[in-house]
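Residue-level structural notes
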Amino acid sequence: MRSRSNSGVRLDYYQRIVQKVILSKQNPVTGLLPSSNELQHAWVRDNVYSILAVWGLALAYRKHAELDEDRAKAFELEQSVVKLMRGLLLAMMKQVDKVEAFKYSQSPKDCLHAKYSIQTGNTVVGDYEWGHLQIDATSLYLLMLAQMTASGLQIIFTLDEVCFIQNMVFYIEASYRIADFGIWERGDKTNKGIPELNASSIGMAKAALEALSDLNLFGARGGHASVIHVLPDEKVKCAAILHSMLPRESKSKEIDAGLLSIISFPAFAVDDVDLVRITRQTIIEKLQGRYGCCRFLRDGYKTVKEDPNRLYYEPYELKVFENIECEWPVFWCYLMIDGIFMGDREMTMEYREALNEILLNSPDGFKIVPELYYVPHDKVELEYKEPHSQERVPGGKIPQMWGTSMYILGCLLQESFLQVGELDPLNRRYCTEPKPDLVVQVAILAEDEEVQKALQAHDINVQTISQVAPIQVHPARVLSHLYSQLGKLMTSMYRRYHK
């Protein structure tokens, strides 16, 4: 029997973690992942982040295959990724009427739901029973759909699905002026369910729009009908508002660790290198602790001072959470990956070593990432007096699939099983590189001979539209009409679905 190399043994180790922590929970019918063993709901955002490790491992096996068994593992992992992405797609397509309505109303009551049943892909709570409007989650799905398609995965099968994705582009393109509930689902910092304009949502939408622009969802085998179109104006508007907000997250949140996802992997949405640096440094200075980063200042989630019988707080009551906010290791995973993409070896090792000190050992001997670390009740007063002085206790979901997935992805990159370009085939990581100046050239044509003669009287010599044949020139209203046809098959799909 042929022996395994060290790299093969190491990949098998990560494959066992992925199988135990993530794939063993994947529903065999829908392909969706539950939030926990107790709650069988599939959050869009959590599912996408959780499957990234599976995608990365598949890419690593594809490149480092030594045996036929390795090639089989690569294929199996790829199909698990496709199954989950299609599971989310089909769940959202069941709400095609909401996508159509939201394009006009941009109201929370018409938005796609944030979570679905893992058994059926149907909705699990009512329109007003959750903060469903989360532009960042929908945009994250579209962004990774684009990256995975560019990496060679076939996720979109039919033109109906292409039209749905085109309409999803219309769904997120006005994110620069849509207040949503944000990455933490509860709106403003007081948890009163008030939607805000969130920089993390705008940034993720901008990244998705740029990634999908002119992308063929059928890959190399597709034709012009499967190409996604994005209006350039919408990308520019998102960029302008995003740059004006950073490093702030929203009106109520002066900073948020969730911004790490837009200044680096996976979004790379900010093209101003100084703004990226300032945002990263602000997160580290204000939110970093001994066990990770807290989500935002005065965040009461899962602290011992949080009242489980209350969802909302008055602004003055938030002070009770100051200095005891829970710290999330997942953000160190983001910073480790950020260091790899920047080529900063010292930063990468700093966060890899810091993570190794706080990771937990599973019963199977694997390293797993807990959701958070909190200050126990008997040490709260001491932590108030001297922040970051007390030992914390792991809590929340153990393991957290999202965090464990990002950790494995970082390890695969740091150990050179993957190159950054393989996780970013669309080259979004170069967004901060200097770009050539944009030169706009304008050609003037006369509509007819009468206009041509009038211009000649002023020494302006131009051709008429008929004289530039076979080039065709049409008025702007024709372009407007053509754009109105994009994704129009979805209307007939909506009628078929609701018959």
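Everything below is about the structure printed above this text.
To start, this report covers the structure provided alongside it. (Residues numbered from 1 in each chain as written. Predicted model: local features only at pLDDT ≥ 70, side-chain atom pairs only at ≥ 80, totals over all residues. Heavy atoms only, no water.)

Within the protein chain, the secondary structure is distributed over 18 helices and 8 strands. The C-alpha atoms of the protein chain give a radius of gyration of 25 Å, which matches the 23 Å a tight globule of 499 residues would have. Counting only C-alpha atoms and orienting by the principal axes, one finds that the protein chain spans roughly 90 × 70 × 55 Å. A buried classification covers 54% of the 499 residues belonging to the protein chain. Considering only residue pairs separated by 6 or more positions, the protein chain has 73% of its internal contacts joining residues 24 or more positions apart. In the structure as shown, the protein chain presents an accessible area of about 22900 Å², 53% of it carried by carbon and sulfur atoms. For the protein chain, the separation between the mean place of its 55 positive charges and that of its 64 negative charges on side chains is 4 Å. (Helix = DSSP H or I, 4+ residues; strand = E, 2+ residues; numbered from the N terminus. Rg over C-alpha atoms; globule rule 2.2 N^0.38 Å. Buried < 20%, exposed > 50% of the residue type's maximum accessible area, 1.4 Å probe, protein only. Contact = heavy atoms within 4.5 Å. Areas by Shrake-Rupley, 256 points an atom, 1.4 Å probe, with all protein chains shown as cover. Lys, Arg positive; Asp, Glu negative; His and termini not counted. Charge placed at Lys NZ, Arg CZ, Asp CG, Glu CD.)

A cluster of acidic residues, Glu346, Glu350, Glu353 and Glu357, forms a negative patch at the surface. Mapped onto the elements of the fold, Glu346 is located in helix H12 (residues 345-358). (Patch = residues over 30% accessible without salt bridge, like charges linked within 9 Å, V, L, I, M, F, W, Y side chains within 5 Å. Salt bridge = Lys/Arg side-chain N within 4 Å of Asp/Glu carboxyl O.)

So, about the nonpolar core. Ranked by size, the top nonpolar core spans 144 residues in total, and within it Tyr141, Met148, Ile165 and Met406 carry the most contacts. The element that contributes the greatest number of residues to this core is helix H2 (residues 44-64), accounting for 13 residues. Those residues in contact with Ile165 that sit more than four places away from it in its chain are Leu89, Leu142, Leu145, Ile156, Leu212, Leu217 and Ile228. (Core = buried A, V, L, I, M, F, W, Y, C linked by side-chain atoms within 4.5 Å.)

Further remarks concern the environment of Gln400. By the element assignment, Gln400 lies in the loop between strand E6 (393-395) and helix H14 (401-414). Remark: the alpha-carbon pair of Gln400 and Asp233, spanning 167 residues in sequence, is separated by 38 Å. The residues contacting Gln400, other than those within four sequence positions of it, are Trp328, Val330, Val369, Pro370 and Glu371.

For helix H10 (residues 273-287), which comprises 15 residues, the first-to-last C-alpha distance of 21 Å matches the rise-based estimate of 21 Å (1.5 Å per residue) to within 8%. Against the buried residues of H10 lie helix H8 (232-245), helix H9 (260-263), helix H11 (330-342) and H12. For H10, the side-chain oxygen to backbone nitrogen distance between the N-cap and Asp274 is 3.0 Å, and the N-cap itself is Asp272. (Expected span 1.5 Å × (residues − 1). Polar contact = N/O pair within 3.5 Å; in protein donor to acceptor, adjacent residues only side chain to side chain.)

Take a nonpolar patch on the surface next. Judged by side-chain polarity, Leu438, Val440, Val442 and Ile444 come together as a nonpolar surface patch covering roughly 500 Å² of accessible area. You can see Val440 is positioned in the loop between helix H15 (420-423) and strand E7 (445-446). By relative accessible area, which is 67% here, Val440 ends up exposed.

Here the focus is the packing of aromatic side chains. What the rule picks out here adds up to 16 aromatic pairs. Judged by centre distance (6.5 Å) and plane angle (70 degrees), the ring pair of Phe265 and Phe268 falls under edge-to-face. Each member of the pair, Phe265 as well as Phe268, is classed as buried. Connected via pairs of aromatic rings, a cluster forms that spans Tyr49, Trp184, Tyr301, Trp328, Phe331, Tyr334 and Trp402. Here Arg86 stacks its cationic end above the ring of Phe157, 3.8 Å away from the centre of that ring. (Phe/Tyr/Trp six-rings, centres within 6.5 Å; stacked < 30°, edge-to-face > 60°. Lys NZ or Arg CZ within 6 Å of the ring centre and 35° of its normal.)

Tallying each qualifying case throughout the model produces 28 salt bridges. Lys103 serves as the salt-bridge partner of Glu100, at 3.2 Å between the closest nitrogen and oxygen. Here Glu100 pairs with Lys103, and both are found in helix H4 (residues 96-105), just 3 residues apart, close to one helical turn. Judged by relative accessible area, which is 23%, Glu100 ranks as partly exposed. The class for Lys103 is partly exposed, based on a relative accessible area of 24%. Notably, a salt bridge pairs Glu371 with Lys397, separated by 3.8 Å at the nearest N-O pair. With Glu371 in the loop between strand E4 (367-368) and strand E5 (372-374) and Lys397 in the loop between E6 and H14, this pair connects stretches of sequence that are 26 residues apart. Salt bridges linked by common partners bring Arg10, Arg352 and Glu415 together as one network.

Now for helix H1 (residues 6-21). For H1, built from 16 residues, the straight-helix expectation of 22 Å at 1.5 Å per residue is met to within 8% by its first-to-last C-alpha distance of 23 Å. Residues Gly8, Leu11, Asp12, Tyr13, Tyr14, Gln15, Ile17, Val18 and Val21 constitute the buried set of H1. Structurally, H1 contributes buried residues whose contacts are with H2, helix H3 (68-93), H12, E4 and H14.

Axis separation between H3 and helix H6 (residues 159-172) bottoms out at 11 Å; the angle between their running directions is 75 degrees. Viewed along their axes, H3 and H6 adopt a mutual orientation that is roughly perpendicular. Across from Arg86, Leu89, Met92 and Met93 in H3, the residues of H6 making contact are Asp160, Glu161, Phe164, Ile165 and Met168. (Axes fitted to C-alpha atoms, helices over the stretch in contact; angles between N-to-C directions. Parallel < 35°, antiparallel > 145°, perpendicular 65-115°, else oblique.)

The next point concerns the packing of helix H5 (residues 135-150) against helix H7 (residues 199-212). The N-to-C vectors of H5 and H7 enclose an angle of 25 degrees; their axes lie 8 Å apart at closest approach. Compared by their axis directions, H5 and H7 come out roughly parallel. Pair H5 / H7 crosses with left-handed handedness. Within the contact between the two elements, H5 uses Ile135, Asp136, Ser139, Leu140, Leu142, Leu143 and Ala146 and H7 uses Ser200, Ser201, Met204, Ala205, Ala207, Ala208, Ala211 and Leu212. Class assignment of the residues belonging to the contact of H5 with H7 gives a composition of 11 nonpolar, 3 polar and 1 charged. (Left-handed = near helix turned anticlockwise from the far one by under 90°. Nonpolar A, V, L, I, M, F, W, Y, C, P; charged D, E, K, R; others polar.)

For the peptide bond that leads from Phe265 to Pro266, omega is 10 degrees, which places it in the cis range. Considering the arrangement of structural elements, one finds Pro266 in the loop between H9 and H10. Pro470 follows Ala469 through a cis peptide bond whose omega is 15 degrees. Along the chain, Pro470 turns up in the loop between strand E8 (463-464) and helix H17 (476-484). Positive phi is not limited to glycine here, since His388 has a value of about 65 degrees. Looking at the secondary structure, you find His388 in the loop between helix H13 (380-385) and E6.

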